[in-house]
Amino acid sequence: MDYNKLANLLFPQIKKTPADYEAIYPPRNLPEGAKVTRLGPSPTGFIHLGNLYGAFVDERLAHQSGGVFFLRIEDTDDKREVQGAIPMLIQALHHFGVNFDEGATMNGEVGDYGPYQQSKRGEIYQCFAKYLVSQGLAYPCFMTEEEIAAVREEQEAKKVNPGIYGEYAKCRDLSFEEVVDRISDGQEYVIRFKSNGSLENHFTVVDAIRGELTMPENDQDVVILKKTGIPTYHFAHVVDDHLMRTTHVVRGEEWLSSLPIHVALFNALGWELPTYCHTTVLMKMDGETKRKLSKRKDPELSLEYYKQEGYHPLAVREYLLTILNSNYEEWRIANPDAPAEDFQFTAEKMSSSGTLFDLDKLNDICKDVLAKMSAEEVLRYMLDWAEEYQPAIAAMMKDDPDKMIKIFSIDRGGDKPRKDLVYCRQIFHFISYFFDDHFMIEDDYPAEVSMKDAKAILNRYFQEYDENDDNPAWFEKMKAMAGDMGYAIKPKDFKKNPDQYKGHVGHVSNVIRLAITGRTNSPDLWLIQQIMGKEQVRGRIAQAFQDIG
RNA sequence: GGCUCCAUGGUCAAGCGGUUAAGACACCGCCCUUUCACGGCGGUAACCCGGGUUCGAUUCCCGGUGGAGUCACCA
């Protein structure tokens, strides 16, 4: 069989040779040790936390080593493509601090190793497919869906591995004439890799995250070119990552099982393997069991969700880095104010067991991140969020920026900043009592205080409240009132002799707190009232008095 | 089912033959405090099981068990 003849029959339009492409895409001129990584999303318009997690690995590995991080669009499946997905993806990643040096961008492509969209690289893949055919390492396969299904049935009956390989690869040894006949007959075909591997033989590769991996050789005649001439992922990955000179391939562990295919392909083409970094999948609790994050089942884990809720990108990044590198957390404790970029990230320190997504931890990290920001930064951040998702709230906040700054300044800075701001939606709710339109009584009056007393407290407070009182003076009045009404002035006294008092001054002030903020817990009440102003304070007190009836 | 990966408290995890088995989150208690929060102190809680190897296994090997992933002309 003259494979060259076959190759020319199949790919008459392909004139370039592999050597031509080697010349067009020469090895990159980078310093020793620089890593080249890439993100290769398919433009389905959906990206979740797990994708971001992987993107951080790519980004850190490349930028920490003075290398290149590029974006390649893997759009070889036209059925799944979603319009406008690419800019959305770039923006979403940018929002979380992931930026590319090369590849697809908002304004076309940047870089010398393009095109960076697989749908535009048809000729390149075909050239290498042609080469494989010419070497007798690939062949046209005319099997129809029905034939393949029949083979599968037979294999299931025989309890052998399913797939097209060995004796089941019916088009493996077609003669040149037969191929000509079938083509002129109008039969459609795919190009399959002619595997010479065996499940009996094992090979090992070193994964940067997992160490040495042992796997059986690939024995499947996998499709490398679909009948449309478009490559499958396997083939595109091998050709692209070689030609784009990727040094480190970071991808989820769901790819582990197709690694033998990729290794076989790299070998067949005579290329050096990149360093693989198979990350663990991010898991989620689903009832009693863990399972991989799924785009269909877990829309709440999409990046868009975190943006909508107003999670600070730095916090999300911080969280992901925490679960990404086991020594990050300790480093962060030792270097609370250093930029995350200073951390020396290593693939070896990455976990290889499935990680459960922990919202509590994310929230905790959010608190720390927000506590370090200035009031101005918090306001800016809230406004950015609100303008996009809650325009009415944005307008309201912009109405009185000075007041907003005061609100966000409460217990901010200093050694012990409050940490009760988590994410925008929560933050707005947290401060909502400052706005009459959003004010609601959310808690109950303290159990220690009778309704009758509550009314009396509100009434006296209404009479005595003077916004010119400073904090100690204001609280003196509170204590006086508590004492007069049979409540302990010092909480300790009440604790010691609970029978002698109705309650303590904290309970009394909580009546006021509830009237003013709608809750039994809030930051310093005096400060809140100073920010609100006399009118609003008296209004709330009067309203509460009325509501009790 | 075949193949592969994984296995330390509820969660994330350190550990890489000898440790009182770190730390963080969550939880509980105490202190501080007009509330909450912050902060401080303390606490509950773990090496999946069974065989080896070894003077000694959480650590190395084998076998189970459990979890996950994958078996497409999807990525």
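The written sequence of each chain sets the order in which its residues are numbered from 1. Ligands are numbered from 1 and chains lettered from A, in the order in which they are written. Residue-level local features of this predicted model are given only where pLDDT is at least 70; pairs of side-chain atoms are given and counted only at 80 or more, and the full residue set underlies all totals for whole chains, interfaces and linings. Based on all heavy atoms of the structure, the side-chain values leave hydrogens and waters out of the count.

## Let's talk about the overall build of chain A
Part 1 of the argument: Helices and strands together make up the secondary structure of chain A, namely 23 helices and 14 strands.
Part 2 of the argument: The size measure is the radius of gyration over C-alpha atoms, and the globule rule it meets is 2.2 Å times the number of residues to the 0.38 power. Computed over C-alpha atoms, the radius of gyration of chain A comes to 33 Å, more than 25% over the 24 Å expected from 2.2 N^0.38 for 549 residues, which places it beyond the range of a compact globule.
Part 3 of the argument: Taken over the C-alpha atoms alone, chain A extends approximately 110 × 55 × 40 Å along its principal axes.
Part 4 of the argument: Think of it in three bands: with a 1.4 Å probe and only protein chains considered, a residue is buried below 20% of the maximum accessible area for its type, exposed above 50%, and partly exposed in between. Expressed as a percentage of the 549 residues in chain A, the buried residues total 50%.
Part 5 of the argument: Counted over contacts in chain A with a minimum sequence separation of 6, partners at least 24 positions apart contribute 73%.
Part 6 of the argument: By element, 49% of the accessible surface of chain A is carried by carbon and sulfur atoms, the whole surface being about 26,400 Å².
Part 7 of the argument: Here the positive residues are Lys and Arg and the negative ones are Asp and Glu; neither His nor the chain ends is included. Throughout, a charge is located at the NZ atom of Lys, the CZ atom of Arg, the CG atom of Asp or the CD atom of Glu. Each charge class in chain A was averaged separately, 64 positive and 87 negative side chains, and the resulting centres sit 3 Å apart. A run of H or I in DSSP counts as a helix once it spans at least four residues, and a run of E counts as a strand once it spans at least two, with each numbered from the N terminus. Here, residues are in contact when the closest pair of their heavy atoms is within 4.5 Å. Areas reported as accessible are Shrake-Rupley estimates using a 1.4 Å probe. Residue values count occlusion only from the protein chains shown.

## Considering the sheet that holds strand β6 (residues 190–193)
Part 1 of the argument: Read across the sheet, three strands follow the order β5-β6-β9 without closing on themselves; strand pairing throughout is antiparallel. Whereas interior strands pair on both sides, the edge strands pair on one side only; in this sheet they are β5 (138–141) and β9 (223–225). Shown here is a sheet whose adjacent strand axes are inclined to one another by a mean of 45°, direction ignored.
Part 2 of the argument: Only strands joined by at least two bridges in the DSSP assignment are considered to pair. Pairing analysis gives two bridges linking β6 to β9, with the strands arranged antiparallel. Opposite arginine 192, over in β9, you have valine 223 as the bridge partner.
Part 3 of the argument: Helix α5 (residues 122–134) contacts β5, β6 and β9 of the sheet and is inclined by roughly 125° relative to β9. Lines are fitted to the C-alpha atoms to define the axes, a helix being fitted only along its stretch in contact, and any angle between axes, read from their N-to-C directions, falls within 0 to 180 degrees.

## Quick look at the domain arrangement of chain A
Part 1 of the argument: For chain A, the domain assignment lists domain 1 (4–12 + 123–232 + 258–269), domain 2 (15–119), domain 3 (283–371), domain 4 (375–427) and domain 5 (451–548).
Part 2 of the argument: Domain borders in the structure are assigned automatically or taken from a domain database. Here the C-alpha centre of domain 5 lies 42 Å away from the C-alpha centre of domain 3.

## Concerning the protein's contact with RNA strand B
Part 1 of the argument: Neighbouring residues of RNA strand B: 63 residues in total, closest Thr76, Arg152, Arg210, Lys226 and Arg418.
Part 2 of the argument: Working definition: residue near molecule or strand if any one of its non-hydrogen atoms lies within 4 Å of it. Expressed as a percentage, the sugar and phosphate content of the atoms of RNA strand B within 4 Å of the protein is 71%.
Part 3 of the argument: Identification of polar contacts relies on pairs of N or O atoms within 3.5 Å, with a donor-acceptor requirement for protein atoms, meaning one able to donate a hydrogen and the other able to accept it, and with residues adjacent in sequence counted only if both atoms are side-chain atoms. Arginine 418 places a polar side-chain atom, nitrogen or oxygen, 2.4 Å from a base oxygen of RNA strand B.
Part 4 of the argument: One of the backbone nitrogen or oxygen atoms of threonine 520 is found 3.0 Å away from a sugar or linking oxygen of RNA strand B.
Part 5 of the argument: The element best represented in the surface near RNA strand B is helix α21 (residues 505–517), accounting for five residues.
Part 6 of the argument: Looking at side-chain class alone, the surface near RNA strand B contains 17 nonpolar, 19 polar and 27 charged residues. Residues are grouped as follows: Ala, Val, Leu, Ile, Met, Phe, Trp, Tyr, Cys and Pro are nonpolar; Asp, Glu, Lys and Arg are charged; all remaining types, including Gly, are polar.

## Side note on the pattern of salt bridges
Part 1 of the argument: Whenever a carboxyl oxygen of Asp or Glu lies within 4 Å of a side-chain nitrogen of Lys or Arg, that contact is scored as a salt bridge. Following the criterion strictly, the structure yields 30 salt bridges and no others.
Part 2 of the argument: Linking aspartate 411 and arginine 418 is a salt bridge whose minimum nitrogen-to-oxygen distance equals 3.8 Å.

## Structural notes on the side chain of threonine 280
Part 1 of the argument: Along the polypeptide, threonine 280 turns up in the loop between β11 (275–279) and β12 (282–286).
Part 2 of the argument: Here serine 353 takes part through its backbone oxygen, which lies 2.9 Å from a polar atom of the side chain of threonine 280.
Part 3 of the argument: Those residues in contact with threonine 280, other than ones at most four positions away along the chain, are Tyr53, Arg210, Glu253, Ser351, Ser352, Ser353, Gly354 and Thr355.

## Observations concerning helix α8 (residues 233–243)
Part 1 of the argument: Counting buried residues along α8, 11 of its 11 residues qualify, which places the element largely inside the surrounding structure.
Part 2 of the argument: Of the positions making up α8, those classed as buried are Tyr233, His234, Phe235, Ala236, His237, Val238, Val239, Asp240, Asp241, His242 and Leu243.
Part 3 of the argument: Arginine 245 sits one or two residues past α8 and shows a positive phi near 60°.

## Observations regarding the confidence of the model for chain A
Part 1 of the argument: Here pLDDT means the predictor's own confidence in every residue, given as a number from 0 to 100. Here chain A averages 90 in pLDDT, and 99% of its residues register 70 or above.
Part 2 of the argument: By mean pLDDT, strand β13 (residues 289–292) is the weakest element of chain A at 73, and α8 is the strongest at 97.
Part 3 of the argument: Interface confidence for the predicted complex, expressed as ipTM, amounts to 0.89; the pTM equals 0.88.

## A closer look at a negative patch on the surface
Part 1 of the argument: On the surface, Glu177, Glu178, Asp181 and Asp185 cluster together to form a negatively charged patch.
Part 2 of the argument: Note on placement: glutamate 177 falls in helix α7 (residues 176–184).
Part 3 of the argument: Take glutamate 177: its relative accessible area is 48%, and that puts it in the partly exposed class. In this analysis, a patch consists of residues with relative accessible area above 30% that form no salt bridge, clustered at 9 Å for like charges and at 5 Å for the nonpolar side chains Val, Leu, Ile, Met, Phe, Trp and Tyr.

## Description of a positive patch on the surface
Part 1 of the argument: Where like charges cluster on the molecular surface, the positive patch consists of Lys490, Lys492, Lys495 and Lys496.
Part 2 of the argument: Considering the arrangement of structural elements, one finds lysine 490 in the loop between α19 (471–484) and α20 (491–496).
Part 3 of the argument: Since its relative accessible area comes to 55%, lysine 490 is described here as exposed.

## Section: the pairing of β11
Part 1 of the argument: Within β11, four of the five residues are buried, which leaves it mostly tucked inside the rest of the structure.
Part 2 of the argument: Pairing of strand β10 (residues 248–252) with β11, which is carried by five bridges, proceeds in the parallel orientation. The partner of arginine 251 across the bridge, within β11, is histidine 278.
Part 3 of the argument: Seen with its strands pointing away from the viewer, a crossover is right-handed if its path from the first strand over the helix to the second goes clockwise. In this fold, the crossover linking β10 to β11 by way of helix α9 (residues 259–268) has right-handed handedness.

## Here's the deal with the nonpolar core
Part 1 of the argument: For the purposes of this section, nonpolar cores are sets of buried Ala, Val, Leu, Ile, Met, Phe, Trp, Tyr and Cys residues that join through side-chain atoms within 4.5 Å. One finds Phe11, Phe128, Val133, Ile191, Ile224, Phe235 and Val239 to be the most contacted residues of the largest nonpolar core, which totals 61 residues.
Part 2 of the argument: Each of domain 1 (4–12 + 123–232 + 258–269) and domain 2 (15–119) contributes no fewer than three residues to this core.
Part 3 of the argument: Counting residues in each nonpolar core, the second largest holds 55 residues, with Ala394, Ile407, Val511 and Ile516 among its members.

## Section: the packing of aromatic side chains
Where two aromatic rings form a pair, the distance of their centres and the angle of their planes describe that pair.
Part 1 of the argument: Aromatic pairing here means that ring centres of Phe, Tyr or Trp (its six-membered ring) are within 6.5 Å. Orientation follows from the plane angle: under 30 degrees is stacked, over 60 is edge-to-face, and everything else is tilted. Scanning all chains against the criterion turns up 21 aromatic pairs.
Part 2 of the argument: With 5.4 Å between their ring centres and 65° between their planes, tyrosine 165 and tyrosine 168 make a pair best called edge-to-face.
Part 3 of the argument: Note on tyrosine 165: relative accessible area 13%, which makes it buried.
Part 4 of the argument: The class for tyrosine 168 is buried, based on a relative accessible area of 5%.
Part 5 of the argument: Considering the side-chain rings of tyrosine 461 and tyrosine 465, the 5.5 Å spacing of their centres and the 25° angle between planes classify their relative orientation as stacked.
Part 6 of the argument: Residue tyrosine 465 is classed as buried on the basis of its relative accessible area of 7%.
Part 7 of the argument: Following the ring pairs from residue to residue traces out a cluster consisting of Tyr305, Tyr306, Tyr311, Tyr319, Phe357 and Tyr423.
Part 8 of the argument: Should the NZ of a Lys or the CZ of an Arg lie within 6 Å of a ring centre and within 35 degrees of the ring normal, that charge is described as sitting over the ring. We note lysine 5 situated over the ring of phenylalanine 176; from NZ or CZ to the ring centre the distance is 4.4 Å.

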